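Okay, here's what each chain looks like letter by letter:
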Amino acid sequence: MHPILFRIPLPHWPLKPWWALVAVAAVASIYALLAAFRRDKGSALTSAIVAVVAAGAGWNWRSVSYEAPNLPIYAYGVMLGLSLIVGWYLTLPLAEKDGLPKETMANCYVVTALSALAGSRVLYVVTNPDEFRSLWDLFALRNGGLVAYGGFIGGLLGSWAYLAPKKIRLLAWADDAVPSLGSGLLITRVGCYLFGCDFGKRLPDGAPHWLKTLGTFPHWAAGTLASGDGSPAYVRHLEIYRGTPFEADLLRADTSFPVHPTQVYESLVGAALLALLLWQRKYTRFRGQLFFLFVFGYGYLRFLLELWRDDVERGSYGPTLDVHIFVPLCLLLFAVAFALGISLGIVNGPARTTARILAFVPPVVAYVALKPASFAQTEPYQLSTSQIIGLLSALTAAYFYARFWVDAGKHPALAMSVGDAAAIRELKGHAASHEEGGSDDEPAGKGTSSGVGAKGGEAHPEPEAT
């Protein structure tokens, strides 16, 4: 477990970041011109914005130089980049299979990824303002500081802004993109584990040895990162136990106490959600079904994981209640939402009834497990930012899942449409005309699996779609 995977030797002269920014601005400008020549206004505008931002950043940092014996390659950055690559090769084939124009969706993926990165950083800044002393600190991603839910919200807004002018349903794209969120969780949380952030509470003494080993984080050598000289768990434990006998134990071991490796837990959650979404694609009844399923599933599981998290960076808000009341109450809301909404997707009647009954077991178990002994002092509890967002988003997803499920029974072709059929055919035509050997002919209304048309290739207007 180390934040730096390896180091690349550098030449003995200063490197200036504006060189790379100018190159980015030049490439983006060329792409904007090509898109304008193809009359692709959305791509041209996006590329132009990237070019202007890169050029402006290069001008602002024209006097900044970087000189060091080597370039550190950070574990989290590598895993984040890998997750974006995997997401690209996972999302675009699914979108093309659903009848969405490939080139447009490729551009949308880039916009979504950039918006997600921005959103994840913004939410971290909002919840941890004391960590930022200058504008440059906002861009120091190598020191950590991304919130998953911020990325989720940012990516959703970016996708909507890009797709709305093209008359493509956001939910159609969302169904194809959410599997990449599962793979993203699977991969990026490995980066979190290597960095040591997002750690959990101390493990009990009776925990398995292998779990203790997995959850023990080292004390880094001084100077490993620009700020701090130990893994977040080690630093946190030093703060908590300073001046106590446990401090000597920490200094002697030069590691943190064994904690729940919640990064690994969430990585496994990502793998499970990815498998669930790919399986559920076979039984899709309306556009947005996979998206709402992911929002509910991740919200529920993230809420539970937060019970074992111990890092303070995500912040806590809202009312404070006794933990044995607050947590079961929230889990009861999840159970009701599942029973009335998400469980509709279980087509087998007995299985659906069983699942609804089992959904009410966790609130009861939580109440029994968290209830203090007679006359014992109760433990106050406040929800974290992620728990609040997870709960509210899951309830919202369950509501729309139930609503869209009913509408799909009335208008199945409309429920599976991907947007304005004429607009999509036009986008495909533009793309095909610029491919060697391409053709503008595009079959329309080929069943509801592609969802392009309900009758004769034309999709009905759908004011309720988002």
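Residues numbered from 1 in each chain as written. Predicted model: local features only at pLDDT ≥ 70, side-chain atom pairs only at ≥ 80, totals over all residues. Heavy atoms only, no water.

With that settled, consider the packing of helix 12 (residues 323–340) against helix 15 (residues 385–410). Look at helix 12 against helix 15: their axes get within 8 Å of each other, and the N-to-C directions meet at 15°. Classed by the angle they form, the pair helix 12 and helix 15 counts as roughly parallel. The element helix 12 and its partner helix 15 pack so that their crossing is left-handed. On the side of helix 12, the interface is formed by Cys-330, Leu-333, Phe-334, Ala-337 and Leu-340, while helix 15 contributes Gly-390, Leu-391, Ala-394, Leu-395, Ala-398 and Ala-402. Split by residue class, the contact of helix 12 with helix 15 holds 10 nonpolar, 1 polar and no charged. (Axes fitted to C-alpha atoms, helices over the stretch in contact; angles between N-to-C directions. Helix = DSSP H or I, 4+ residues; strand = E, 2+ residues; numbered from the N terminus. Parallel < 35°, antiparallel > 145°, perpendicular 65-115°, else oblique. Left-handed = near helix turned anticlockwise from the far one by under 90°. Contact = heavy atoms within 4.5 Å. Nonpolar A, V, L, I, M, F, W, Y, C, P; charged D, E, K, R; others polar.)

One finds Phe-286, Phe-291, Phe-292, Phe-294, Phe-296, Val-327 and Phe-334 to be the most contacted residues of the largest nonpolar core, which totals 51 residues. Looking at this core, the elements with two or more residues in it are helix 4 (102–127), helix 5 (148–163), helix 6 (170–195), helix 10 (262–280), helix 11 (289–306), helix 12, strand 4 (380–384) and helix 15. Residues contacting Phe-286, with those up to four places away along its chain left out, are Asp-175, Phe-292, Tyr-401, Phe-404, Trp-405, Ala-408, Ala-415 and Met-416. Judged by nonpolar contacts, the second largest core, of 18 residues, contains Tyr-109, Leu-170, Ile-424 and Leu-427. (Core = buried A, V, L, I, M, F, W, Y, C linked by side-chain atoms within 4.5 Å. Buried < 20%, exposed > 50% of the residue type's maximum accessible area, 1.4 Å probe, protein only.)

Following the criterion strictly, the structure yields 12 salt bridges and no others. The residue Glu-103 makes a salt bridge to Arg-38 at a minimum N-O spacing of 2.9 Å. Note that Glu-103 is positioned in helix 4 and Arg-38 in the loop between helix 1 (17–37) and helix 2 (41–60), a separation of 65 residues in sequence. For Glu-103, a relative accessible area of 28% corresponds to the partly exposed category. Looking at Arg-38, the relative accessible area reads 16%, which means it is buried. Put simply, Arg-302 and Glu-306 hold a salt bridge, and the shortest N to O gap is 2.9 Å. With Arg-302 and Glu-306 both in helix 11, this residue pair falls 4 residues apart, about one helical turn. Taking relative accessible area as the criterion, Arg-302 reaches 3% and is therefore assigned buried. On the basis of relative accessibility, which here comes to 2%, the residue Glu-306 falls in the buried class. (Salt bridge = Lys/Arg side-chain N within 4 Å of Asp/Glu carboxyl O.)

Turning to helix 8 (residues 232–241), its buried residues are Ala-233, Tyr-234, His-237, Leu-238 and Tyr-241. All buried residues of helix 8 fall inside an arc of 140° around its axis, so they share one side. Those residues of helix 8 that are buried lie in contact with helix 9 (245–253). With its phi angle positive at about 85°, Gly-243 sits one or two positions after the end of helix 8. (Arc of directions from axis to C-beta.)

Nothing here speaks to function; it is all geometry.
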